[in-house]
Amino acid sequence: MLDLYFFTTDNGYKARQGVEESGLPYRIRLINIRQREQFAPDYLKISPGHKIPALVDPDGPGGSRISLCESGAILKYVGEKAGNGIYPTDPLARLKVEQWLFWGSATFTTLAQQFGFFIRRNPEDVPAAKRHYTTVLRDMLGTLETHLADNEYVAGAFSVADISIYPDVHLHGVNDIGLAEYPAVRRWHDAIEARPATQRAWGPHQ
Ligand SMILES: N[C@@H](CCC(=O)N[C@@H](CS)C(=O)NCC(=O)O)C(=O)O
């Protein structure tokens, strides 16, 4: 049984979608980051940078207990362990999945989080930052739009790479920017939203 250390944020949903898609049995360990539970000494042993998500698998490689933080590493781990194609075995297919998985983890979400901070959460109004991160988010949605106009999913078949991008498209693309100007992104988003694993991942957690 996997333990998923989770809170209701973009990166939390990435990990939960990955675990749900893997079909592996898991339970949720809620880490309420608004109450600073991520700083508990026991949790810092799992996630040294005081971040959710994290994953513990008592039955890791060679039967060893492993713990992982970083949503991208978690997606790769559960995708490989599931062996159901969401992290492909073919080396060429993997290269593209990894390219978009890293894009989702390192570029898209990192910048979309700054957008979220300045647009939604910062009590101080900083118009230049709002303008900047709106331009950045629109630019990244444009990148996705061009790519998805010719591709059903970001890296061939549906994969962990799509999962690494979906939550911020859902949270900020749909809710803040609107996807009217991005019809291919809308089509991709709605296909992922309709997946039973996505529905479960974004559903109740206790
Ligand atoms: N690169 C990390 C980022 C994780 C992250 O930013 N987690 C945030 C919530 S989305 C968090 O736990 N923040 C609490 C803190 O920094 O103390 C990943 O992909 O997992």
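Residues numbered from 1 in each chain as written. Predicted model: local features only at pLDDT ≥ 70, side-chain atom pairs only at ≥ 80, totals over all residues.

Enquirer: Could you clarify how one ought to interpret the sheet that holds strand S2 (residues 26-30) in this entry?
Expert: The strands making up a sheet are joined through hydrogen bonds of the backbone, oriented either antiparallel or parallel. The strand order across the open sheet formed by four strands is S2-S1-S3-S4, and the pairing between neighbours is mixed. Each edge of the sheet is formed by a strand with only one pairing partner; in this case those strands are S2 and strand S4 (66-69). Across the sheet, the mean angle from the axis of one strand to that of its neighbour is 20 degrees, orientation sign disregarded. Taken together, the three bridges between strand S1 (residues 2-6) and strand S3 (residues 54-57) define a ladder with antiparallel strand orientation. (Pairing = 2+ DSSP bridges. Helix = DSSP H or I, 4+ residues; strand = E, 2+ residues; numbered from the N terminus. Axes fitted to C-alpha atoms, helices over the stretch in contact; angles between N-to-C directions.)

Enquirer: Is there a simple way to explain the site of the ligand in this structure?
Expert: Residues in contact with the ligand amount to 13 residues; listed here are only the nearest, Thr9, Asn11, Lys51, Ile52 and Ser71. Elements represented by at least two residues in the shell around the ligand include exactly helix H1 (10-22) and helix H3 (71-82). Classifying every residue of the shell around the ligand by side-chain character gives three nonpolar, seven polar and three charged. (Near = placed C-beta within 6 Å. Nonpolar A, V, L, I, M, F, W, Y, C, P; charged D, E, K, R; others polar.)

Enquirer: Whenever I open this one, the pairing of S3 confuses me. Can you help?
Expert: Successive side chains on a regular strand alternate, one facing one side of the sheet and the next facing the other. In the sheet, S3 pairs with S4 via four bridges, with the strands oriented antiparallel. The residue of S4 that forms the bridge with Val56 is Ser67.

Enquirer: Can you help me understand the environment of His50 in this one?
Expert: Structurally, His50 can be placed in the loop between helix H2 (41-46) and S3. For the pair formed by His50 and Ser22, sequence separation is 28 residues and the distance between their alpha carbons is 25 Å. Not counting residues up to four positions away in its chain, the partners in contact with His50 are Gln38, Phe39 and Leu44. (Contact = placed C-beta atoms within 7 Å.)

Enquirer: Help me out: how do you make sense of the nonpolar core in this one?
Expert: For soluble globular proteins, nonpolar side chains are generally found buried alongside one another. Grouped together as the largest cluster of nonpolar side chains are 45 residues, with contacts concentrated most on Leu4, Leu55, Val160 and Ala161. With eight residues, helix H4 (residues 91-121) is the single largest residue contributor to this core. Formed jointly, this core draws a minimum of three residues from each of two domains, domain 1 (2-86) and domain 2 (91-196). Contact partners of Leu4, with chain neighbours within four places excluded, come to Ala15, Arg16, Val19, Tyr26, Ile28, Arg29, Pro53 and Leu55. (Core = buried A, V, L, I, M, F, W, Y, C linked by C-beta atoms within 7 Å. Buried ≥ 20, exposed ≤ 12 C-beta atoms within 10 Å, placed from the backbone. Domains from an automatic or database assignment.)

Enquirer: Honestly, the packing of H3 against helix H6 (residues 160-177) in this entry has me stumped. Any pointers?
Expert: Angle between the axes and distance between the axes: these two values describe a pair of packed helices. Two numbers describe how H3 lies on H6: the axes approach to 10 Å, and their chain directions differ by 145 degrees. Note that H3 runs across H6; the crossing there is right-handed. Across the interface between the two elements, Ser71, Gly72, Leu75, Lys76 and Gly79 from H3 touch Val160, Ile163 and Ser164 from H6. (Left-handed = near helix turned anticlockwise from the far one by under 90°.)

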